[in-house]
Amino acid sequence: MSDRTSILHKRFEIWTSFTPEISKALSENIVAQGFLLLFTSMILDGGVIFRIVSMAAFAYWIAIFPILWRRPKTTNKFELGLVKIGFVCFLPLSLFSMPLWGWLRELMK
């Protein structure tokens, strides 16, 4: 039982021991994404803008999860930049890929 507790403690230790730059960038992105998802969910356009923003948020977390999991303390400049402004970079990509997803959905019917 103590081995399992120590393994869980080590995993929790990994997630709480980011560099200060990563911690600051993550907290800023969480707040920005939360506000953006909240406000775009209130727009009465049938959920189109909300789907674009939620796709960008999903792609952002998929992209930075391996960085946070594998190297929480030793990140290079590219990885730090991805954590800082990756969400903004994924917004236009999700905007332009939205028609593709609608086209694929129509093909699957």
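A short tour of the structure in this document, coming up. (Residues numbered from 1 in each chain as written. Predicted model: local features only at pLDDT ≥ 70, side-chain atom pairs only at ≥ 80, totals over all residues. Heavy atoms only, no water.)

What follows concerns the overall build of the protein chain. Assigned secondary structure in the protein chain consists of 4 helices and 0 strands. Ordered by position from N to C terminus, the α and β elements of the protein chain give α-α-α-α. Intrachain contacts of the protein chain at a sequence separation of at least 6 include 73% that bridge at least 24 residues. Surface summary for the protein chain: the accessible area is close to 8100 Å², and the carbon and sulfur share equals 73%. (Helix = DSSP H or I, 4+ residues; strand = E, 2+ residues; numbered from the N terminus. Contact = heavy atoms within 4.5 Å. Areas by Shrake-Rupley, 256 points an atom, 1.4 Å probe, with all protein chains shown as cover.)

Looking now at the pattern of salt bridges. Across all of its chains, the model carries 2 salt bridges by this definition. Residue Lys24 is joined to Glu28 by a salt bridge in which the shortest nitrogen-to-oxygen separation is 4.0 Å. Within this pair, Lys24 and its partner Glu28 are both found in helix α2 (residues 20–41), separated by 4 residues, close to a single helical turn. Arg71 serves as the salt-bridge partner of Glu79, at 2.9 Å between the closest nitrogen and oxygen. (Salt bridge = Lys/Arg side-chain N within 4 Å of Asp/Glu carboxyl O.)

The next subject is the packing of aromatic side chains. With the rule as written, the count across this model stands at 4 aromatic pairs. On the basis of an interplanar angle of 80° and a centroid distance of 5.2 Å, the ring pair of Tyr60 and Trp61 is categorised as edge-to-face. Residue class for Trp61 comes out partly exposed when judged on its relative accessible area of 32%. With a centroid separation of 6.3 Å and 15° between ring planes, the pair formed by Phe65 and Trp69 is classed as stacked. (Phe/Tyr/Trp six-rings, centres within 6.5 Å; stacked < 30°, edge-to-face > 60°. Buried < 20%, exposed > 50% of the residue type's maximum accessible area, 1.4 Å probe, protein only.)

Together, Val31, Phe35, Leu38, Phe39 and Met42 make up an exposed nonpolar region whose accessible area comes to about 510 Å². Inspection of the secondary structure assignment puts Val31 in helix α2. Look at Val31 and you get partly exposed, because its relative accessible area is 46%. (Patch = residues over 30% accessible without salt bridge, like charges linked within 9 Å, V, L, I, M, F, W, Y side chains within 5 Å.)

Moving on: the side chain of Glu79. Inspection of the secondary structure assignment puts Glu79 in helix α4 (residues 77–108). You can call Glu79 buried: its relative accessible area is 14%. Among all residues touching Glu79, those that are not within four sequence positions of it are Ile67, Arg71 and Thr74.

Glancing now at the nonpolar core. In globular proteins that are soluble, nonpolar side chains generally tend to be buried together. Ranked by size, the top nonpolar core spans 16 residues in total, and within it Ile22, Leu26, Tyr60, Ile64, Leu68, Val83 and Phe87 carry the most contacts. Of all the secondary structure elements, the ones that give two or more residues to this core are α2, α3 (48–70) and α4. If you tally residues by element for this core, the top one is α3, at 7 residues. Here Ile22 is in contact with Leu68, Thr75, Leu80 and Val83, once residues within four sequence places are set aside. (Core = buried A, V, L, I, M, F, W, Y, C linked by side-chain atoms within 4.5 Å.)

A separate point is α3. Here α3 contains 23 residues, and its C-alpha end-to-end distance of 34 Å stays within 8% of the 33 Å for a straight helix at 1.5 Å per residue. The largest bend in α3 comes to about 30°, at Ile64, with the proline Pro66 one to four residues further on. Three or more residues of α3 are buried, namely Ile52, Val53, Ala56, Ala57, Tyr60, Ile64, Ile67 and Leu68. (Expected span 1.5 Å × (residues − 1). Bend = angle between axes of the 7 residues up to and from the residue.)

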